[in-house]
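# Commentary on secondary and tertiary structure
What follows is each chain in one-letter form.
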Amino acid sequence: EHDDMNVFASQVLSMRQRMKDHGQQDKPLMISEYSILWPYYHNGQACGFKDEYGNCFDPPRVANYLANSFDYLLNQAIDPELGYKLDGNRLVQQWLWSGVHYDGLQFSHR
């Protein structure tokens, strides 16, 4: 579910609902960092990490998730009941896609 847009949208809505429930709807919401955390190359092998269906988090899949999430945040994440009124009822006002590429990255599972 790492790149599931339904999960992503649900998390955004849940955060905005929480903000409303706690009297914070009139504040902007910023997603300080998000991305696909699994590296494509692991220990020199392409597709070192796979999802629950055995599919690889390859570059086209990551790019698709980036494009879909940006489209959601720019064009779909609007709700007059939960959104920030000063920004046209948008749910999220700023976000940062985090991308790291480092050929020497190693992971150890302990």
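What you are looking at is a predicted structure, and each value in this text was computed from that prediction instead of being measured. (Residues numbered from 1 in each chain as written. Predicted model: local features only at pLDDT ≥ 70, side-chain atom pairs only at ≥ 80, totals over all residues. Heavy atoms only, no water.)

## Comments concerning the overall build of the chain
Here is the rule we go by: Numbered from the N terminus, helices here are DSSP runs of H or I no shorter than four residues, and strands are runs of E no shorter than two. Residue contacts are counted whenever heavy atoms from the two residues lie within 4.5 Å of one another. Computed with a 1.4 Å probe, the accessible areas rest on the Shrake-Rupley method; for each residue, only the protein chains presented here act as cover.
Within the chain, the regular secondary structure consists of 2 helices and 4 strands. In the chain, once contacts between residues fewer than 6 apart in sequence are set aside, the share between residues at least 24 apart is 59%. Counting every atom, the chain has about 7600 Å² of accessible surface; 51% of that belongs to carbon and sulfur.

## A look at the layout of surface pockets
In this approach the atoms are scanned with a rolling probe the size of a water molecule, which exposes any empty space left behind. Going by this rule: The rule is simple: put a 1 Å grid over the protein atoms alone, call a set of points where a 1.4 Å probe fits but cannot get out a cavity, call an open set with protein on both sides within 12 Å along at least five of seven lines a pocket, and count a residue as lining if it has an atom within 4 Å of a point. Grid points are joined across faces, edges and corners, and a volume is the space filled by probe spheres set on the points. Each residue gets one of three labels, nonpolar for Ala, Val, Leu, Ile, Met, Phe, Trp, Tyr, Cys and Pro, charged for Asp, Glu, Lys and Arg, and polar for the others, Gly among them.
Put simply, the second largest pocket is a space of about 240 Å³. Lining of the second largest pocket is provided by 14 residues; of these, F8, Q11, I31, Y34 and Y65 occupy positions nearest its centre. Elements represented by at least two residues in the lining of the second largest pocket include exactly α1 (5-21) and β1 (30-34). The element that contributes the greatest number of residues to the lining of the second largest pocket is α1, accounting for 5 residues. By residue class, the composition of the lining of the second largest pocket is 9 nonpolar, 3 polar and 2 charged.

## Digging into the packing of aromatic side chains
Rule in force here: In this analysis, rings of Phe, Tyr and Trp, with Trp reduced to its six-membered ring, are considered paired at centre separations within 6.5 Å, and the interplanar angle assigns stacked below 30 degrees, edge-to-face beyond 60, and tilted for intermediate values. Only protein chains enter the accessibility calculation, which uses a 1.4 Å probe. A residue is then buried if its area is under 20% of the maximum for its type, exposed if over 50%, and partly exposed in between. Remark: a charge is flagged as sitting over a ring if the NZ atom of Lys or the CZ atom of Arg is within 6 Å of the ring centre and within 35 degrees of the ring normal.
Applying the stated criterion to the full structure yields 7 aromatic pairs. Where F8 meets Y72, the ring centres are 6.0 Å apart and the plane angle is 80°; that geometry is what we call edge-to-face. Of this pair, F8 sits in helix α1 while Y72 sits in helix α2 (residues 59-76), and the two are 64 residues apart along the sequence. Overall, the relative accessible area of 8% leaves Y72 in the buried class. Three or more aromatic residues joined by ring pairs form one cluster here, namely F8, Y34, Y65, Y72 and W97. Lying across the ring of F57, R61 places its NZ or CZ 4.1 Å from the centre.

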